Amino acid sequence: MDINWGTLAGVFAISLGVTAVVVVMFSLGLAAWARAGHGEPASHPPGVRHQKAATATALLCFASCLAVAAYGIGLIVTG
């Protein structure tokens, strides 16, 4: 049995990079969600425009994380 170490290292690097990107996107989504006022009540409510932009940003971040997870599951299921 022969292992192609270059390919194995490439798969490891790509998976590590994608994992880091998903963690960062999810963290940004949580921060935007909290900034929009969906977490703890804030001492001063943000403006409506700011709240809508933060909510849209959070949803976009969560949707991108969901898309990456669905793509990975699709790769595993289809073999």
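Look above for the structure.
Residues numbered from 1 in each chain as written. Predicted model: local features only at pLDDT ≥ 70, side-chain atom pairs only at ≥ 80, totals over all residues. Heavy atoms only, no water.

Visitor: Would you mind showing me how to read helix α1 (residues 5–35) here?
Guide: The α-helix winds at 3.6 residues per turn, so residues separated by three or four positions along the chain end up facing the same way. Over its 31 residues, α1 runs 45 Å from end to end, which matches the ideal 45 Å to within 8%, given 1.5 Å per residue. Immediately downstream of α1, the backbone of G37 shows phi near 95°, a positive value. (Helix = DSSP H or I, 4+ residues; strand = E, 2+ residues; numbered from the N terminus. Expected span 1.5 Å × (residues − 1).)

Visitor: Help me understand helix α2 (residues 48–78) in this model?
Guide: The terminal C-alpha atoms of α2 lie 44 Å apart, and with 31 residues this matches the ideal 45 Å at 1.5 Å per residue to within 8%. Turning to α2, its buried residues number three or more, namely A54, T55, A58, C61 and C65. The inward-facing, buried residues of α2 contact α1. Just beyond α2, the residue with positive phi is G79, at close to 80°. (Buried < 20%, exposed > 50% of the residue type's maximum accessible area, 1.4 Å probe, protein only. Contact = heavy atoms within 4.5 Å.)

Visitor: What am I meant to see in the packing of α1 against α2 here?
Guide: In helix packing, the relevant descriptors are the interaxial angle and the interaxial distance, both defined with respect to the helix axes. For the pair α1 and α2, interaxial distance at closest approach is 8 Å and the crossing angle is 155°. One way to sum up the angle between α1 and α2 is to call them roughly antiparallel. Between α1 and α2 lies a crossing of left-handed hand. Taking contact as the criterion, the partners of V18, V22, M25, F26, L28, G29, L30, A32, W33 and R35 in α1 are, on α2, H50, A54, T55, T57, A58, L59, C61, F62, S64, C65 and V68. Of the residues assigned to the contact of α1 with α2, the class counts are 15 nonpolar, five polar and one charged. (Axes fitted to C-alpha atoms, helices over the stretch in contact; angles between N-to-C directions. Parallel < 35°, antiparallel > 145°, perpendicular 65-115°, else oblique. Left-handed = near helix turned anticlockwise from the far one by under 90°. Nonpolar A, V, L, I, M, F, W, Y, C, P; charged D, E, K, R; others polar.)

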